[in-house]
Structure formats: C-alpha cells, structure tokens
Amino acid sequence: MTSRIVVTGGAIIRDDRGRILLQRRSDYGDWGLPGGGMEPGERIEETMIREVKEETGLEVISYELASIYTGERMKYTYPDGNEVVFVMFLFNVRVHLNGKLAEDERTLLFEDENNESLQLMFTSLDEIEIDTINKVQKPVLIDLIQEKQGILR
C-alpha cells in the first residue's frame, strides 16, 4: 500500500501564562495541537487559520512560521488501514482569549459544529503527559518541552 502525503497546518497557541492549547480530538481520543489538512488551492497559513477557527472558534490575530516537520516520524496509519505521511507546518499564533475561558481559566469554551474537539485546554509544558499525545505530534510536543530550535525538523 502506498502512502499519501498530507500537508497540514497547525497552531501553537499560548495563553498569557505561556500554556499551550491542546485539543482532544473526537476521531482518535488523543491530544494534540489544533490544525488539519490543506485543501486544494489554499496557502498553508490559510489552512491553519481555517482549522483554528473550525476547531477552536478562535480568530487568529497574528502568526509566524515556527517549524516544519517531515520524514519517517510523520508516518501515520489510520484505523481503517490508510497510510499517510504528514508534512506538518506549525505556526506560533496569537489569538484573543477575553471571555473565552471557563472558570477554571484553562478550558476553552467552544462547541464546534463537526464535534472534532472533545476538549480544548491550556496546559503547561511540564504538565503534558506525552503518552496521551497523538503519535504523529509526539515529536512536536517533545521538541516544545525541550525548547528545540530550528525551522526544519
């Protein structure tokens, strides 16, 4: 079976305490960064902005390219057996959070139409349980925790 290449745009969204927004996805039940696949004709930043809006309800104020992940670690097999290799563009993203957080000041209040997000929660890097992170996004979160630098990963 040949693998398809899927280009994705993802967002590293930090709150004013430096915590990162993690999304628990309904399709896999594991955690990762908001983002998703590019549609034909989109620029990668448009993909990221659209996915952030769809999955979190947040409007992107500004962004900058943080890193691009390619290669063997980005291989993923879906439950139906389809194999893909992700080319993942990640952006550092600023959003307005005023009035968007629950009383716990961690949970983002949003219900998306497609129910892609089971939970949206700001988590500090030292609280992240790496075993709960989506397989393909583990290298990303490990790099964030270890403060790795450099665009190409």
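As the structure is a prediction and not an experimental result, all values here were calculated from the model.

**Q** Can you help me understand the nonpolar core in this one?
**A** For soluble globular proteins, the rule of thumb is that nonpolar side chains tend to be buried together. Of all hydrophobic cores here, the largest spans 22 residues; its most connected members are Leu-22, Leu-33, Val-140 and Leu-141. In terms of residues, this core owes the most to one element, strand β7 (residues 83-95), which gives 5 residues. In terms of nonpolar packing, the next biggest core, distinct from the first, is built from 18 residues, Ile-13, Ile-44, Phe-91 and Leu-120 among them.

**Q** Mind showing me how you'd approach helix α1 (residues 44-56) here?
**A** Taking 1.5 Å of rise per residue, the 13 residues of α1 would be expected to cover 18 Å, and the 18 Å separating its terminal C-alpha atoms lies within 8% of that figure. Listing the buried residues of α1 in full gives Ile-44, Glu-45, Thr-47, Met-48, Arg-50, Glu-51, Val-52, Glu-55 and Thr-56. The inward-facing, buried residues of α1 abut β1 (4-13), β2 (20-25), β4 (35-37), β5 (60-69), β7 and β8 (117-123). Within two residues after α1, Gly-57 carries a phi angle of roughly 80°, on the positive side.

**Q** Quick question: what am I supposed to make of unusual backbone geometry here?
**A** If a residue is not glycine, its phi is most likely negative; likewise, a peptide bond is most likely trans. Despite not being glycine, Glu-105 has its phi angle at roughly 60°, a positive value. We note that Glu-147 has phi near 55°; this positive angle belongs to a residue other than glycine. Looking at where Glu-147 falls in the secondary structure, it is placed in the segment after α2 (138-145).

**Q** Before we go on, may I ask you to explain the sheet that holds β8 in this structure?
**A** Hydrogen bonds along the backbone pair up the strands of a sheet, which may run parallel or antiparallel. As summarised here, the arrangement of the 3 strands in space is β3-β2-β8, forming an open sheet in which the pairing is antiparallel. The strands lining the two open edges of the sheet, one partner per strand, are β3 (31-32) and β8. Sheet topology places β2 next to β8; 6 bridges connect them, and they run antiparallel. The residue of β8 that forms the bridge with Gln-23 is Leu-120.

**Q** Would you mind going over α2 with me for this structure?
**A** Of the residues making up α2, those classed as buried are Pro-139, Val-140, Leu-141, Asp-143 and Leu-144. The elements touched by buried residues of α2 are β1, β2, β5 and β7. Backbone geometry just downstream of α2 places Glu-147 in the positive-phi region, at approximately 55°.

**Q** Explain a nonpolar patch on the surface to me, please; I cannot follow it from the model alone.
**A** On the surface, Leu-65, Ile-151 and Leu-152 cluster together to form a nonpolar patch covering roughly 290 Å² of accessible area. Tracing the backbone shows Leu-152 in the segment after α2.

**Q** So what exactly am I meant to see when it comes to the layout of surface pockets here?
**A** Rolled over the atoms, a probe sized like a water molecule indicates the empty space that remains. Of the volumes computed, that of the largest pocket is approximately 360 Å³. As for the largest pocket, its lining consists of 24 residues, and the residues nearest its centre are Thr-8, Arg-25, Gly-35, Gly-36 and Phe-86. Contributing elements (two or more residues each) for the lining of the largest pocket: β1, β4, α1 and β7. In the lining of the largest pocket, the residues fall into 10 nonpolar, 9 polar and 5 charged.

**Q** What is the right way to read the confidence of the model for the protein from this model?
**A** A low pLDDT means the predicted coordinates there should not be read in detail. Model confidence for the protein is summarised by a mean pLDDT of 93, while 99% of its residues fall at 70 or above. Of all helices and strands in the protein, the one with the weakest mean pLDDT is strand β6 (residues 75-77) (91), whereas β5 scores best (98).

Criteria and thresholds
- Every chain is numbered independently, its residues counted from 1 as its sequence is written.
- This being a predicted model, a pLDDT of at least 70 is required before a residue's local features are given, and a value of 80 or more before pairs of side-chain atoms are given or counted; all residues contribute to the totals for chains, interfaces and linings.
- Excluding hydrogens and water, the side-chain values take into account all heavy atoms of the structure.
- Nonpolar core, defined: a set of buried Ala, Val, Leu, Ile, Met, Phe, Trp, Tyr and Cys residues in which side-chain atoms within 4.5 Å join the residues together.
- Burial classes follow relative accessibility: with a 1.4 Å probe on protein chains only, a residue under 20% of its type's maximum area counts as buried, one over 50% as exposed, and anything between as partly exposed.
- Only DSSP runs of H or I reaching four residues or more are called helices, and only runs of E reaching two or more are called strands; each is numbered from the N terminus.
- Residue count minus one, scaled by 1.5 Å, sets the expected span of a helix.
- Two residues qualify as a contact provided that any one of their heavy atoms is within 4.5 Å of a heavy atom in the partner residue.
- Two strands qualify as a pair provided DSSP detects at least 2 bridges between them.
- In this analysis, a patch consists of residues with relative accessible area above 30% that form no salt bridge, clustered at 9 Å for like charges and at 5 Å for the nonpolar side chains Val, Leu, Ile, Met, Phe, Trp and Tyr.
- In this description, accessible areas are obtained by the Shrake-Rupley approach with a 1.4 Å probe, and a residue is regarded as covered only by the protein chains that are shown.
- Counted as salt bridges are all cases of a side-chain nitrogen of Lys or Arg within 4 Å of a carboxyl oxygen of Asp or Glu.
- Note on definitions: the grid is 1 Å and covers protein atoms alone; a cavity is a set of points where a 1.4 Å probe fits but cannot get out; a pocket is an open set with protein on both sides within 12 Å along at least five of seven lines; lining residues have an atom within 4 Å of a point.
- Grid points are joined across faces, edges and corners, and a volume is the space filled by probe spheres set on the points.
- Under the scheme applied here, ten amino acids are nonpolar (Ala, Val, Leu, Ile, Met, Phe, Trp, Tyr, Cys and Pro), four are charged (Asp, Glu, Lys and Arg), and all others, including Gly, are polar.
- As a per-residue quantity, pLDDT reports the predictor's confidence and falls between 0 and 100.

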